[in-house]
Amino acid sequence: MIDLSHIKQVYLYPGKTDMRLGITGLRKIVKDMEPRCLYVFCGTGKNMIKVIECTDDSTWLYQKKLKKGKFVWPIEGEVSLIDKRQLQWVIEGVSLINRIEEKGSKNKYEFI
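Given the structure is predicted, the values throughout are model-derived calculations rather than measurements. (Residues numbered from 1 in each chain as written. Predicted model: local features only at pLDDT ≥ 70, side-chain atom pairs only at ≥ 80, totals over all residues. Heavy atoms only, no water.)

Bringing the nonpolar core into the picture now. Among the nonpolar cores identified, the biggest contains 16 residues, and Val 10, Leu 38, Trp 73 and Leu 87 are the most heavily contacted of them. Contributions of two or more residues to this core are made by strand 1 (9-12), strand 2 (37-42), strand 3 (48-54) and helix 2 (84-92). The leading source of residues in this core is strand 2, at three residues. Of all hydrophobic cores here, the second largest spans twelve residues; its members include Tyr 11, Leu 26, Phe 41 and Met 48. (Core = buried A, V, L, I, M, F, W, Y, C linked by side-chain atoms within 4.5 Å. Buried < 20%, exposed > 50% of the residue type's maximum accessible area, 1.4 Å probe, protein only. Helix = DSSP H or I, 4+ residues; strand = E, 2+ residues; numbered from the N terminus.)

Encoded structure:
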């Protein structure tokens, strides 16, 4: 389980991410990783998310795959800064789509 007590920022990457990527491939997407931050990605099938945690001396990769159902995930938009409570909502399946997609495109709400 991720210890959120020391996390200062959580970044959600909208759209589809190739879940075959491991920690090295996902780090290339992020480019400049900051210590004590989380980076959240979702796959094409929307049944798996991966979270990278960057600490002062290491990088962790967490993964959650659903046996049934799908994560509600924004199809487009900019990388969004979400808070720890919203991260828990995403992991539990609550939708943040309108909040995230409104930043990137006005009057366009598409769901994957």
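Our next topic: the confidence of the model for the chain. On average, the chain scores 83 in pLDDT, and the residues at 70 or more come to 81%. At the level of individual helices and strands, the chain shows its lowest average pLDDT in helix 3 (residues 97-104), which scores 53, and its highest in strand 2, which scores 96. Note on residues 105-112: pLDDT is under 50 here. Beyond four places in sequence and across chains, it has 17 contacts. (pLDDT = per-residue confidence, 0-100. Contact = heavy atoms within 4.5 Å.)

Per the stated rule, a full pass over the model turns up two salt bridges. For Arg 20, the salt bridge goes to Asp 18, with nearest N and O atoms at 2.9 Å. The exposure class of Asp 18 is partly exposed, given its relative accessible area of 32%. With a shortest N-O distance of 3.5 Å, Arg 85 and Asp 83 are connected by a salt bridge. (Salt bridge = Lys/Arg side-chain N within 4 Å of Asp/Glu carboxyl O.)

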